[in-house]
Structure formats: C-alpha cells, structure tokens
Amino acid sequence: MNRAILNILLTILPLVLTAQTKPQSQWVHPGKNGKLTYKTTASGDRIMDFSYAGYMGGGVALPNIAVKKIIKPSGGADDLQQIQAAIEEVAAMPMINGSRGAVLLSAGNYTCSGPIILSASGVILKGSGMDKNGTTIHMTGNPHAAIIIGRNNTNIRLGSTEKADDGEIASTQTYITDAYVPAGTNIISVADAKAFVVGDTVIIRRPVTDAWVHFMRMDDMYRDGKKETWIAKTRQGVIRRKIVAITGNKLALNIPVSDCYDARYLGATSTTVAKAEPSQRITQVGVENLHIQCPPLESDYGHAPYSAIRVGGDDCWVKDVLCEETMNATVLAGNRITMEHVVVKHTYTNLGASKPTDFSLEGSQNLIDRCEINGGNTYFVWTSVLVPGPNVLLNCTFTGLGSRIQPHQRWATGMLVDNCTVPDGGIDFMNRGVAGSGHGWTMGWAVAWNCIAKTYIIQNPPGATNWAIGCIGTRQQTARLFDSAPIEPEGTFDSHNKPVAIQSLYLAQLKERLGMQALKNIGYSSNSITEFKNKQVKPQYVPVLIDKDLGKDEAFHRPVNTSGNRENSLKYNGDKALDGSSQTYWAANDNAATPYLEVDMEGPVDINTLQISEPKGLEHVQEYKVEGQVNSDWKLLARGTAVGQNKIARFPKTTVWKVRLTVLKSSAYPAISDFGLYLVKPTK
C-alpha cells in the first residue's frame, strides 16, 4: 500500500472508530478526508479556530530557561528586597535567544511585604516546588499582588497605562468594504490595500454606534429608574492580526476574527484597518513552580488584601503555581499567555453578593490549561470589556457552591470552554442586563465543548450565536438579569448530555493546524483528541433549611450585602442572619442611617412569605420595610413596626432577584438574627 495513503488512513481511522460510538457535532466534525468540517450560520458565521490561544500562538512548548541567580530564604522579616535585587541583576544581562535567565528561589519560606515585579523581557522567576516542601511566598503588609509582570505598573489592565498594543500608523488607515464580515473568517475586503504588505501587523477597530447598541437591545436598560449605559460610543472593539496574503483589496489574516462586522449597524466606512506599531509590552517572562500564601480571611473581596499574579506582558507563562487564600487571584492582561496547572484554594466563601474572579481574561489568545479553583460565591473565570478571542479554558476543574464560569461584561467575543468541569455551579454565556453597572450582553461567539456543569445559561445575542456542544448538565432559560420577561433566546445546544466524538475541540484544531507534535509540546498525547475523558467530580453538599410550618427557606446561605455594619463586621456581618442559627446575628452601628440587609437570590425566585427575628434582648427595630427587586426596580413586599422574636409577613407571590430589608427607625443599633424567605403553598 502506498505509504502516503496508509498515513492518511492511520490519521482518519481513530476519528472514524470514535464517531461510531459517540455522536458527531453538526457544527464541527471530521470530514471524509479527515479534515475538520464546519457548519455555518445563514450569514456565514462559524465556530472560530481557537488553536491560536496560548504561548507564542499555541502549540509551542514552554521554554526551560537556565538559572542565573539562586536565592535562599533570609530568615528575616522581609525577603522582598533580595528577591527584587536578584531579578534586577538578571534583567541587566544580555538577551540571548529570547531570554536573559532565571532567578531560582530555593526551597523554604519567603516573606514579602510588597509585589515582586518582573519588568524586563526574558526574566523568569522559578521556585523549587508548589507543595509544602517547595518554595512558599508569604504575603504581608499593605494590599498588593504577589507577582506583577509588566513595566513597574500595578494597574496593568488593558486600556489603562499600557496602551502600546493600541498604537497604529494613521497614514495606512483604510476601512472594511464588506457589507458583512462573518465571525470566524480570516478574509476581509478593504477600500485600499496598497499601503500593506504580507507580514504587516494590523489593527482592526470596530466602532460602538447607536444603531448597533439599539440592535443589541442595550439602549433600554434602567435600574432604580435611572438609565444604564452598556458601552460608551467612545469605546471600540480592537483586534490585532497579521496579514498572510493579499489578493487585490482582499486581506487574508493569520487568525480569524472573533466577531462579525455588519455595516448596517456599524456604518459603511466605520470599521477601520491600519498598520500597527510594534508592541512595547515585555515578552518571554515566566513564573513557575512555587506557592503563594496569604492568611485565610473571612471577607468580601473588596476588603481582601492580597491577589496573586498580574500578567501584563505578551508571550508569557505561569506554570505549576499554588495560590492559597488570594482573592481576584490572577489577571491575564497581555496576549498569548499560557497559564498551566495553576491552583487557587480558598478556605472561606467570599462574603457579599458581589463576586470576585480568580482568572480574569483581559487580553487575547490566552490559554488556561489544567487549572483548578476551589472557592464559593465567586466567578471562576470572567472576561473584561470588548475582549476579543480566541481565549480558551482547557481541561480545568472548578468547585465551590454558588460559583460559575461567567463572562462578565460588555461584549467579549470568541471564548472556548473545553472539557471543563463545574459540578457545583454553571457555565453562562448570557445577558447580565443592569447587573453591576449595566454589563448587558457579556459574550458572543463562545463555545462550551464537552463540559460537565450543574447548569448552563447559554443565550443567543441579536446577530450572534453561542454554542454548548456535547455538554452534560441542566439547561436554564432566563430573562436578562433582574428582569422577568422576555426570556432571552436560548443558545445553540448540540448533542446535549451526550459528549461528541471530538473530545477536545482545541486539541483537534491545534493538531490540524500544526500537527501532532504541537499537542506533545503542550503536554497532551496523540490520543487526547478522541480519548480525553470528562472528569466526573462529585458535587458538594448543598445545605437546605426547612421550617416545619413555612417550608424551604430560600434565603438560607444566600450571598448578602449590608450597610452600616458594626466595626467588628466579621462577627456581625450579614450572612449571620442567613445561617439558620438564632445565636448569631447581623448588627448595624448605633448611628447608621436606614441600614439595610440585601439578599441576592442568585436568579429569579418565587416567594410569598418572609420571617424576621431579632436577638433576645436586642429588640430595637421600630420601623422597617422589605422590598423585592422586580424588573430592575424595587417593589414593596411588606412594611411594619416592631419585629421581635418571630415576625411573619405574607404577600402575593412575587418573582424576585433580590430582597432588601431596610431598618427605617430603631431605638438603638438594629440586629437581625434570622431573615427567611418562603413560598408557602395555600392550605386546603
């Protein structure tokens, strides 16, 4: 048999055999020639090629950099200065083959009162292990991040002080002439391509227009009677791509676009293309093999003092790092970053209804691979404003009650959640409406692929698609957050509760683009595409409180925000009124003006009864009101005077997103030991 034919058969056969036992996705599947075949929407949009996510654009092994400086723990009160001095010493060395060298922290405990800053390209910080016998950085002092990759800049979010990636050469500017550029394509037509040559890096700017905001139904958001702005017209969607071919006025880009460009809503000449200036971000910086530790704190994230790692460079990596008790642990604000086997652990559930995130995606082409988080009441992963893909979560496990993978705000595009397990929470590509400051549609053109989660809220924005393919879990349909209607159009579910034959979309796309060696480079075997197994993780126990007369308490252990708290806020914080114990209580200050306790129901919940108790001997409340958040506004549910040991109020069944108890008048500081919410069925 011809060797070339034999090689083709050996490539196709595993996919064919697997397809016989597992369903194929209609959106991406192997064709007769073994190549991936993509279904398109009526407008020509398709699932994008996500394989460009990761260090150096995907499929490139993380380098093993030679150690140039070794540090041992000083045993003193602060090791920060000696670590920083070693980093600066290596930073002054010449760059050879893309690196200067590594600083190795020997095994032991290091105390750091401020951030370790890696501000020069080609410098790597290595530890001697992420376990108890390895290298541990103990965080002390004022609030800070343990490690910052960037140019001496603690605020490294895109669009803040590091704007080099947004630079462009104005004299080359032209505009896209296509009436419609479908998401997932890499071909665009421009008015004049004469100023460009193959190899140029270009910036494509997509405007925010009134017509587009209206088309997205984002111009009708009101909260408490005040209009919310989704995305200001001063903002633009920005992507960087490289030209790989030019035919007339058609440009072929190295990476597909993660969003569509529709001239009907953006304007015929408003989406511009210009040659990009070279990026000034630092590159080739890594953090490896260490443990970041801060004291366990029972706190809301706004008062948590320490985060872990902020990456503001391109082509950087974080590998084999354990982060314990850090809040808002990592930010990936650069491009082409790989974060591999980073583990975040929390002892305490985040307090309050506002949730932090441990993996914040604020750049593009970033890969979060084989990472873990354990923590309650958090967003495991979110995206920032107008962040373009591809961005990928691969083979991750996230556990914790009330926590979710949920892109956060204002139209990020092109995200793949691939073979991730979220047994206690959800995966959401959704309209967050007026949540936060008017987050609205958070994500378009995203894919959940062969995942396991408790729930999925996958919604289709106007003119866009989100997919859940081969995923296991419960589908939920909702209106945008805080509204009761209309229910948003459900996203595209394909082979729901039945994993599809291509086990990992990212690995399949990577193999097709770069070959099997690319998988090996990032630590996956030749069988990963078809034999990579879903991780079954037992869900955590969900506590339930049942009152013998009223039934299930819908407020039990819900996230809660409060105002006017006493100085010892941990002892008297709002969750003490929702813990089912009459011995603990929330308390406000003596001089607090109309303090409130606000319960986040974490979704629309029907209630018709509430129960309030004050601690014995602390019956101070003289007047109160209870309101429910209904359709982004507050509706009065009950109002009264004295509370006492067991105040019960009934009202017509109401679907609420939040419930707020406000103390209008009290003789001394108000205290609430129990606050319960119920849907009581009528007695026969």
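You'll find the structure just up there.
The text that follows walks through the structure, step by step, so that each part is easy to find. (Residues numbered from 1 in each chain as written. Predicted model: local features only at pLDDT ≥ 70, side-chain atom pairs only at ≥ 80, totals over all residues. Heavy atoms only, no water.)

### Comments concerning the pairing of strand E4 (residues 101-105)
Turning to step 1, where the next piece is worked out: The buried fraction of E4 is high, at five of five residues.
Turning to step 2, where the next piece is worked out: Pairing of strand E3 (residues 67-71) with E4, which is carried by four bridges, proceeds in the parallel orientation. Counterpart to Lys69 in the pairing with E4 is Val103.
Turning to step 3, where the next piece is worked out: In this fold, the crossover linking E3 to E4 by way of helix H2 (residues 80-91) has right-handed handedness.
Turning to step 4, where the next piece is worked out: In this sheet, strand E7 (residues 123-126) lies alongside E4 in parallel orientation, the contact comprising four bridges. (Buried < 20%, exposed > 50% of the residue type's maximum accessible area, 1.4 Å probe, protein only. Helix = DSSP H or I, 4+ residues; strand = E, 2+ residues; numbered from the N terminus. Pairing = 2+ DSSP bridges. Right-handed = clockwise from strand over helix to strand, strands pointing away.)

### Describing a nonpolar patch on the surface
Turning to step 1, where the next piece is worked out: Taken together, the side chains of Val542, Val544 and Ile546 present a nonpolar region at the surface, about 250 Å² in accessible area.
Turning to step 2, where the next piece is worked out: If you trace the backbone, Val542 turns up in the loop between helix H7 (528-531) and strand E41 (546-547).
Turning to step 3, where the next piece is worked out: Residue Val542 is classed as partly exposed on the basis of its relative accessible area of 39%. (Patch = residues over 30% accessible without salt bridge, like charges linked within 9 Å, V, L, I, M, F, W, Y side chains within 5 Å. Areas by Shrake-Rupley, 256 points an atom, 1.4 Å probe, with all protein chains shown as cover. Salt bridge = Lys/Arg side-chain N within 4 Å of Asp/Glu carboxyl O.)

### Describing the state of the cysteines
Turning to step 1, where the next piece is worked out: Under the defined criterion, the tally for this structure stands at zero disulfides.
Turning to step 2, where the next piece is worked out: Cysteine Cys316 is unpaired, with the sulfur of Cys371 as its nearest cysteine sulfur at 16 Å.
Turning to step 3, where the next piece is worked out: As a non-bridged cysteine, Cys371 has Cys396 as the owner of its nearest cysteine sulfur, 4.8 Å distant. (Disulfide = S-S within 2.5 Å.)

### Quick word on the pattern of salt bridges
Turning to step 1, where the next piece is worked out: As enumerated under the stated definition, the model contains 23 salt bridges in all.
Turning to step 2, where the next piece is worked out: The closest approach of N and O atoms between Arg660 and Glu598, which form a salt bridge, is 2.9 Å. Here Glu598 lies in strand E45 (residues 596-613) and Arg660 lies in strand E48 (residues 647-666), a separation of 62 residues in the sequence.
Turning to step 3, where the next piece is worked out: When its relative accessible area of 8% is taken as the criterion, Glu598 is described as buried.
Turning to step 4, where the next piece is worked out: Across the pair Lys625 and Glu627 runs a salt bridge, and its minimum N-O distance is 3.8 Å.
Turning to step 5, where the next piece is worked out: For Lys625, a relative accessible area of 22% translates into the label partly exposed.
Turning to step 6, where the next piece is worked out: What you see here is one network of salt bridges that share partners, running through Asp220, Arg480 and Asp483.

### Some thoughts on the sheet that holds strand E12 (residues 187-189)
The strands that make up a sheet pair up through hydrogen bonds in the backbone, lying either parallel or antiparallel.
Turning to step 1, where the next piece is worked out: One open sheet holds the six strands; their spatial order is E10-E19-E13-E16-E17-E12, and the pairing between them is antiparallel. The open sheet has two free edges, formed respectively by strand E10 (174-175) and E12, since each of these has just one partner strand.
Turning to step 2, where the next piece is worked out: Direction of pairing for strand E13 (residues 201-207) relative to strand E16 (residues 236-247): antiparallel, over a ladder of seven bridges. Residue pairing for E16: Arg205 is matched across the bridge by Val238.

### A word on the nonpolar core
Turning to step 1, where the next piece is worked out: By size, the foremost hydrophobic cluster in this structure holds 70 residues, and its most contacted members are Ile147, Ile292, Phe359, Ile405 and Ile427.
Turning to step 2, where the next piece is worked out: The leading source of residues in this core is H2, at six residues.
Turning to step 3, where the next piece is worked out: Excluding its chain neighbours within four sequence positions, the residues that come into contact with Phe359 are Thr330, Met339, Val342, Val344, Ile368, Cys371, Glu372, Ile373, Phe380, Val381, Trp382 and Phe398.
Turning to step 4, where the next piece is worked out: Ala53, Leu253, Phe482 and Leu510 belong to the second-largest nonpolar core, a separate cluster that totals 67 residues. (Core = buried A, V, L, I, M, F, W, Y, C linked by side-chain atoms within 4.5 Å. Contact = heavy atoms within 4.5 Å.)

### Some points on the packing of aromatic side chains
Turning to step 1, where the next piece is worked out: One pass over the structure, following the stated rule, counts eleven aromatic pairs.
Turning to step 2, where the next piece is worked out: Members of the aromatic cluster, connected to one another through ring pairs, are Trp27, Trp445 and Trp467.
Turning to step 3, where the next piece is worked out: Of note, Lys39 hangs over the ring of Trp27, and the distance from its end group to the ring centre comes to 4.7 Å.
Turning to step 4, where the next piece is worked out: The ring of Trp212 has Arg206 sitting right over it, with the charged end atom 4.5 Å from the ring centre. (Phe/Tyr/Trp six-rings, centres within 6.5 Å; stacked < 30°, edge-to-face > 60°. Lys NZ or Arg CZ within 6 Å of the ring centre and 35° of its normal.)

### A short note on helix H5 (residues 505-514)
Since one α-helical turn is 3.6 residues long, residues separated by three or four positions face the same way.
Turning to step 1, where the next piece is worked out: Looking at H5, one finds that the buried residues are Leu505, Tyr506, Leu507, Ala508, Gln509 and Leu510.
Turning to step 2, where the next piece is worked out: Looking at the residues trailing H5, positive phi occurs at Gly515, about 95°.

### Structural notes on unusual backbone geometry
Turning to step 1, where the next piece is worked out: Backbone torsion omega between Gly389 and Pro390 reads 10°, so that peptide bond is classified as cis.
Turning to step 2, where the next piece is worked out: Relative to the helices and strands, Pro390 is located in the loop between strand E28 (379-383) and strand E29 (391-394).
Turning to step 3, where the next piece is worked out: Each neighbour pair has its own omega, and for Ala485 with Pro486 the value is -5°, a cis peptide bond.
Turning to step 4, where the next piece is worked out: Of note, Pro486 is situated in the loop between strand E39 (472-475) and strand E40 (492-494).
Turning to step 5, where the next piece is worked out: A positive phi angle, near 60°, is found at Arg336, a position not held by glycine.
Turning to step 6, where the next piece is worked out: If you trace the backbone, Arg336 turns up in the loop between strand E23 (330-332) and strand E24 (338-345).
Turning to step 7, where the next piece is worked out: On the basis of relative accessible area, Arg336 is assigned to the partly exposed category, the value being 23%.

### A word on the side chain of Arg480
Turning to step 1, where the next piece is worked out: Among the secondary structure elements, Arg480 is positioned in the loop between E39 and E40.
Turning to step 2, where the next piece is worked out: With residues near it in sequence (within four places) discarded, Arg480 still touches Arg217, Met218, Asp220, Met221, Asn431, Gly433, Pro486, Glu488 and Trp657.

### Focus on the pairing of strand E5 (residues 108-112)
Turning to step 1, where the next piece is worked out: Along E5, four of the five residues are buried, which leaves the element largely enclosed by surrounding structure.
Turning to step 2, where the next piece is worked out: Note that E5 and strand E8 (residues 135-139) share five bridges and pair parallel. Paired with Cys112 across the two strands is Met139, which belongs to E8.

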